[in-house]
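Residue-level structure breakdown
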Amino acid sequence: SQQGEEDPQALSIQEGENATMNCSYKTSINNLQWYRQNSGRGLVHLILIRSNEREKHSGRLRVTLDTSKKSSSLLITASRAADTASYFCATAGRMEYGNKLVFGAGTILRVKS
Amino acid sequence: EAQVTQNPRYLITVTGKKLTVTCSQNMNHEYMSWYRQDPGLGLRQIYYSMNVEVTDKGDVPEGYKVSRKEKRNFPLILESPSPNQTSLYFCASSFGQASYEQYFGPGTRLTVT
């Protein structure tokens, strides 16, 4: 069953603006990961946040995690045209739920130059 | 170069003709998995393997088989493909578990007519 759900489904912004994508999930997690996918290509890992962490930064990326609300957000600051891609959250659950990573349906980000 | 390779990259076949998609990684990863990606559904896990000779079902295993005879290889077998298996397939690998960063292959676009 699908664990993560992203919103919005699609987002269109101007270069230089910030982009925020949200992810909600249903069960307890070990960690939550964000991936980027350029059109039709393999996914690339962006950042991982553990269940006991609340915020994490990597370059222009900022990820927050609220386990009480079972939600996460990915903020991309000062966006560039090269950030145009699909972004997926993925949750790694407790081992009793199986050694699986479950992906959401993704947010399509378009950055206009 | 550390990578996950898949072959073939594109395949058009007919219903019922057995096929194998190969996956190989050169990072000595224990964990390998197969996903299919369909529009609006994100990535769904088909099978995963925690090590040689250890495989388990993901969320959508029906119609697929896998084997893990060597650590580096994890082929996906469709014994009798059907049109509903037309999809974009990704192989991924990581150290140890699903909760670790996943490295994805470039994808195999399969069309079953």
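A brief structural summary. (Residues numbered from 1 in each chain as written. Chains lettered and ligands numbered in written order. Predicted model: local features only at pLDDT ≥ 70, side-chain atom pairs only at ≥ 80, totals over all residues. Heavy atoms only, no water.)

Per the secondary structure count, chain B includes 0 helices and 11 strands. Against the compact-globule benchmark of 13 Å for 113 residues, chain B has a radius of gyration of 13 Å, which places it among compact chains. Here chain B, with 113 residues, has 50% of them falling under the buried criterion. Counted over contacts in chain B with a minimum sequence separation of 6, partners at least 24 positions apart contribute 53%. For chain B, the accessible area works out to roughly 5,200 Å², and carbon and sulfur atoms hold 51% of it. Of the side chains in chain B, 12 bear a positive and 10 a negative charge, and the two mean positions are spaced by 7 Å. (Helix = DSSP H or I, 4+ residues; strand = E, 2+ residues; numbered from the N terminus. Rg over C-alpha atoms; globule rule 2.2 N^0.38 Å. Buried < 20%, exposed > 50% of the residue type's maximum accessible area, 1.4 Å probe, protein only. Contact = heavy atoms within 4.5 Å. Areas by Shrake-Rupley, 256 points an atom, 1.4 Å probe, with all protein chains shown as cover. Lys, Arg positive; Asp, Glu negative; His and termini not counted. Charge placed at Lys NZ, Arg CZ, Asp CG, Glu CD.)

Right, let's talk about the nonpolar core for a bit. If you look at the biggest cluster of nonpolar residues, it comprises 22 residues, and the most contacted ones within it are A:Leu32, A:Trp34, A:Leu74, A:Ile76, A:Tyr87 and A:Leu109. Elements represented by at least two residues in this core include exactly β2 (10-14), β3 (19-24), β4 (29-37), β5 (43-50), β7 (61-66), β8 (71-76), β9 (85-93) and β11 (107-112) of chain A. If near-sequence neighbours (up to four positions away) are discounted, A:Leu74 is found in contact with A:Ala19, A:Thr20, A:Met21, A:Trp34, A:Leu46, A:Leu61, A:Arg62, A:Val63 and A:Tyr87. Residues B:Leu19, B:Met32, B:Tyr47 and B:Tyr89 belong to the second largest nonpolar core, which totals 19 residues. (Core = buried A, V, L, I, M, F, W, Y, C linked by side-chain atoms within 4.5 Å.)

Once that is clear, we can look at the pattern of salt bridges. One pass over the full model with this rule turns up 8 salt bridges over all chains. For A:Arg60, the salt bridge identified is with A:Asp83, shortest N-O distance 2.9 Å. In this pair, A:Arg60 sits in the loop between β6 (55-58) and β7 while A:Asp83 sits in the loop between β8 and β9, placing the two residues 23 residues apart along the sequence. Its relative accessible area of 8% is what places A:Asp83 among the buried residues. Note that B:Glu30 is salt-bridged to B:Lys71, the shortest N-O span being 3.5 Å. With B:Glu30 in the loop between β3 (19-25) and β4 (31-38) and B:Lys71 in the loop between β7 (65-66) and β8 (76-78), this pair connects stretches of sequence that are 41 residues apart. Residue B:Glu30 is classed as partly exposed on the basis of its relative accessible area of 24%. The class of B:Lys71 is partly exposed, set by a relative accessible area of 24%. What emerges from the salt-bridge pattern is a single network uniting B:Arg36, B:Asp38 and B:Arg44. (Salt bridge = Lys/Arg side-chain N within 4 Å of Asp/Glu carboxyl O.)

Here we come to the sheet that holds β3(A). All names here are of chain A. Spatial strand order, β1-β3-β8-β7-β6: 5 strands in an open sheet with antiparallel pairing. Two strands close off the open sheet at either side, each with one partner strand: β1 (5-7) and β6. Along the sheet, successive strands turn relative to each other by an average axial angle of 20 degrees, direction set aside. Bridging between β6 and β7 involves 4 bridges; their strand directions are antiparallel. Bridging from a neighbouring strand, Ser-58 pairs with Leu-61 of β7. (Pairing = 2+ DSSP bridges. Axes fitted to C-alpha atoms, helices over the stretch in contact; angles between N-to-C directions.)

By themselves, these observations are geometric and do not establish any function.
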